[in-house]
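# Coordinate inspection notes
Residues per chain, in single letters:
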Amino acid sequence: MKVAITSTGNSPDAKLDSRFGRCSYFVVYDTESHSTEFIPNPNKDNVEGAGPASAQLVASKGARKVVSGEFGAKVKSLFDSLQIQLIVIHESEKKISEIIELINTKN
Amino acid sequence: MKIAIASGKGGTGKTLVSTNLFYSAQQAGISVALADCDAEEPNVAEFIQGEIVHSEIVSQNIPVIDVNACVFCGKCHEYCNYHAIVYLPPSGFIQVVEELCHDCGACLVACKYGAITEKIKQLGQVRTMAVNDQAKIIEGSANVGVYSPVPVIRQTIRELNGESLSILDSPPGISCPFIATVEKADYVVLVTEPTPFGVNDLKLSAATLKHLGKPFGVIVNRAGLGNRDVYEWLGQNEIPLLMEIPFDKEIARIYSEGRLLAEVIPAYRIQFMKLLDHLKCQKA
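Residues numbered from 1 in each chain as written. Chains lettered and ligands numbered in written order. Predicted model: local features only at pLDDT ≥ 70, side-chain atom pairs only at ≥ 80, totals over all residues. Heavy atoms only, no water.

## Concerning the confidence of the model for chain B
How we decide: For every residue, the pLDDT score states the predictor's confidence, bounded by 0 at the bottom and 100 at the top.
The share of residues in chain B with pLDDT of 70 or more is 99%, and the mean pLDDT across the chain is 95. This complex was scored by the predictor with a pTM of 0.82 and an ipTM of 0.78.

What follows is the structure in structure tokens.
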């Protein structure tokens, strides 16, 4: 299964980006192959609609779960229809590597 | 002539100025309309009452995609400048994000398969209230939860028709609702207060109006509060100071009772008339 995580940078040491639609990078982590892919967010500076455009991006990457600090109202209903699970982490100091560890221990 | 009363910071006294300007013009026998363009929080009618003579619903079209007729060609998604259509061809997923739709109709043009029709979404209403033969209030009010009040503001301004003076009470801030209001004005009055917040937001509003090429001047409300920074800044930038309204408990009391300063204290009516005379000479 693939999990998307919003990241402030393009390395496992980077911290979680607390914003979904306007995060700096998306990390797509594959729980089976343990591979990670860092994707710069092309919607970061959109005037509007960054959330739905980012939802489309992570869905097109095959993510079934998305980890971020917060999600706006427009993407919540979209992810609902896409049947993608949202996971909110309030500790913005968490590193991507730590979040990946958490995902691995939960599975 | 159309005059917009605006501010960067909220609560600086836009409605105080626009309602008193309206009252003073009305007393002077000028045909006048006051358009309450603060459609997310209209409050002019709390100060001036009139009889509702016209009411109009504002709505927009929203595309509806028939997934059975859709061939997932992606054209509508590509045509949409506002990212309002989310499209995932492999999973056969296509959905309209209604809040992002600007009712431009591009998706209808894009679709060659007849999969897109439109439905109507109600955004708010515009009410015209006659105060007398010469004076009226036009109030725009957006429905709660509507993503943008701009279509309601545009309709509010369209209801004005050739009054010799139109006053546009603008929403605060400098985003789309503010732009939609001031772009129709011949002159803009920015109301500020001599506090750091007031000055900061005044600078943002002034920069936006310069960009739009709109002539403007400034009213300092609650004068006596804070410091002199605002006056220095106005001087340095050669921006006219149109009027000062003192920081006075009596003014706050009159306002909070829903009464008009120019009606209760005639000296202010004279001041607002002077302001009006001054503004008439400003016409670009």
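Let us keep going from here.
## Re helix α2 (residues 73–82) of chain A
In an α-helix, one turn spans 3.6 residues; hence positions three or four apart end up facing the same way. Rules: Only protein chains enter the accessibility calculation, which uses a 1.4 Å probe; a residue is then buried when its area is under 20% of its type maximum, exposed when over 50%, and partly exposed in between. Strands here mean DSSP runs of E at least two residues long; helices mean DSSP runs of H or I at least four residues long; both are numbered from the N terminus. The arc in question is formed by the directions pointing from the helix axis toward the C-beta atoms. Note on contacts: a residue pair qualifies if any of its non-hydrogen atoms lie within 4.5 Å across the two residues.
Among the residues of α2(A), those classed as buried are A:V75, A:L78, A:F79 and A:L82. Projected down its long axis, α2(A) carries its buried residues within an arc of 95°, all on one side. Every exposed residue of α2(A) that faces more than 90 degrees away from the buried side is listed here: A:A73 and A:D80. In this structure, the buried residues of α2(A) make contact with α1 (50–60), β4 (63–68) and β5 (85–88) of chain A together with β4 (85–88) and β5 (93–96) of chain B.

## Thoughts on the pattern of salt bridges
Residue and element names in this part refer to chain B. Here is the rule: In what follows, salt bridge is the name for a side-chain nitrogen of Lys or Arg lying within 4 Å of a carboxyl oxygen of Asp or Glu.
Taken as a whole and judged by the stated rule, the model has 14 salt bridges over all chains. The closest approach of N and O atoms between R154 and E183, which form a salt bridge, is 3.8 Å. In this pair, R154 sits in helix α4 (residues 150–158) while E183 sits in the loop between α5 (176–182) and β9 (187–192), placing the two residues 29 residues apart along the sequence. Residue classification places R154 among the partly exposed residues on the basis of a relative accessible area of 39%. R259 is the salt-bridge partner of E257, the closest N and O atoms lying 2.8 Å from each other. Since its relative accessible area comes to 38%, R259 is described here as partly exposed. It is possible to trace a salt-bridge network through shared partners that takes in K9, E193 and R222.

## Details of the interface of chain B and chain A
Filter applied, for reference: Using a 1.4 Å probe, buried area is obtained as the accessible area two parts lose upon being combined, added over both of them.
Contacts between the two partners involve 14 residues from chain B, matched on the other side by twelve residues from chain A. Interface area for chain B against chain A, summed over the two sides, is near 1,100 Å², with a carbon-plus-sulfur share of 65%. Summed over the three residues of chain B that lose the most area to chain A, namely B:H83, B:V86 and B:L88, the buried surface amounts to 39% of that side. Counting across the chain B and chain A interface gives zero salt bridges. The biggest single contributor to the side of chain B that touches chain A is β4(B), with four residues.

## Considerations on the domain arrangement of chain B
For the record, the criterion: The start and end points of each domain follow an automatic or database-based domain assignment.
Considered domain by domain, chain B is made up of domain 1 (2–58 + 123–280) and domain 2 (67–114). Put simply, the middle of domain 1 of chain B and the middle of domain 2 of chain B, counted by C-alpha atoms, are 40 Å apart.

## Points about unusual backbone geometry
For residues other than glycine, phi is negative in most cases, and the peptide bonds are mostly trans. Residues and elements named next belong to chain B. Unlike most non-glycine residues, R222 shows phi in positive territory, near 55°. With respect to the secondary-structure elements, R222 resides in strand β10 (residues 216–223). R222 sits in the partly exposed class, given a relative accessible area of 24%.

## What about the pairing of β5(B)?
Residue and element names in this part refer to chain B. Short version of the rule: Here, any two strands with at least 2 DSSP bridges between them count as paired.
Bridge analysis of β4 against β5 gives four bridges, and the strand direction is antiparallel. Residue pairing in the sheet places L88 in a bridge with F93 of β5. The antiparallel hairpin formed by β4 and β5 contains four residues in its connecting segment, where G92 sits at a positive phi of about 60°.

## Regarding the state of the cysteines
All names here are of chain B. The condition is simple: By definition, disulfides here are pairs of cysteine sulfur atoms that lie within 2.5 Å.
Within this structure, the stated rule accounts for zero disulfides over all chains. Free cysteine: C73, not disulfide-bonded; nearest cysteine sulfur from C76 at 6.4 Å. Judged by relative accessible area, which is 44%, C73 ranks as partly exposed. Left without a disulfide partner, C104 is nearest to the cysteine sulfur of C80, which lies 6.2 Å away. Its relative accessible area of 53% is what places C104 among the exposed residues.

## Observations regarding the side chain of A:D17
The line we're drawing: Counting of polar contacts relies on pairs of N or O atoms within 3.5 Å, with two restrictions inside protein: one atom must be capable of donating a hydrogen and the other of accepting it, and residues adjacent in sequence are counted only when both atoms are side-chain atoms.
Tracing the chain through its elements places A:D17 in the loop between β1 (2–7) and β2 (25–30). Of note is the side chain of A:D17, whose polar atom sits 3.0 Å from the backbone nitrogen of A:S24.

## Quick look at the environment of B:L225
Residue and element names in this part refer to chain B. Note that L225 resides in the loop between β10 and α7 (229–236). Among the residues examined, L225 registers a relative accessible area of 27% and is labelled partly exposed. Sequence spacing of L225 and S59 is 166 residues, and the spatial spacing of their C-alpha atoms is 43 Å. Filtering out sequence-adjacent residues up to four positions away, L225 remains in contact with P194, T195 and F247.

## Remarks on the sheet that holds strand β11 (residues 241–246) of chain B
Residues and elements named next belong to chain B. Selection criterion: Axes here mean lines fitted to C-alpha atoms, for a helix over just the part in contact, with angles spanning 0 to 180 degrees between N-to-C directions.
Taken in spatial order, the nine strands line up as β3-β6-β7-β2-β8-β1-β9-β10-β11 in an open sheet, and their pairing is mixed. In this open sheet, the two strands that pair with only one neighbour each are β3 (51–65) and β11. Sheet twist, expressed as the mean angle between neighbouring strand axes with direction ignored, is 20°. Here strand β6 (residues 116–132) pairs with strand β7 (residues 135–142) via eight bridges, running antiparallel. Bridge pairing links R127 to E139 in β7. Helix-sheet contacts for helix α6 (residues 196–212) involve β9 and β10, and the interaxial angle to β9 is about 170°.

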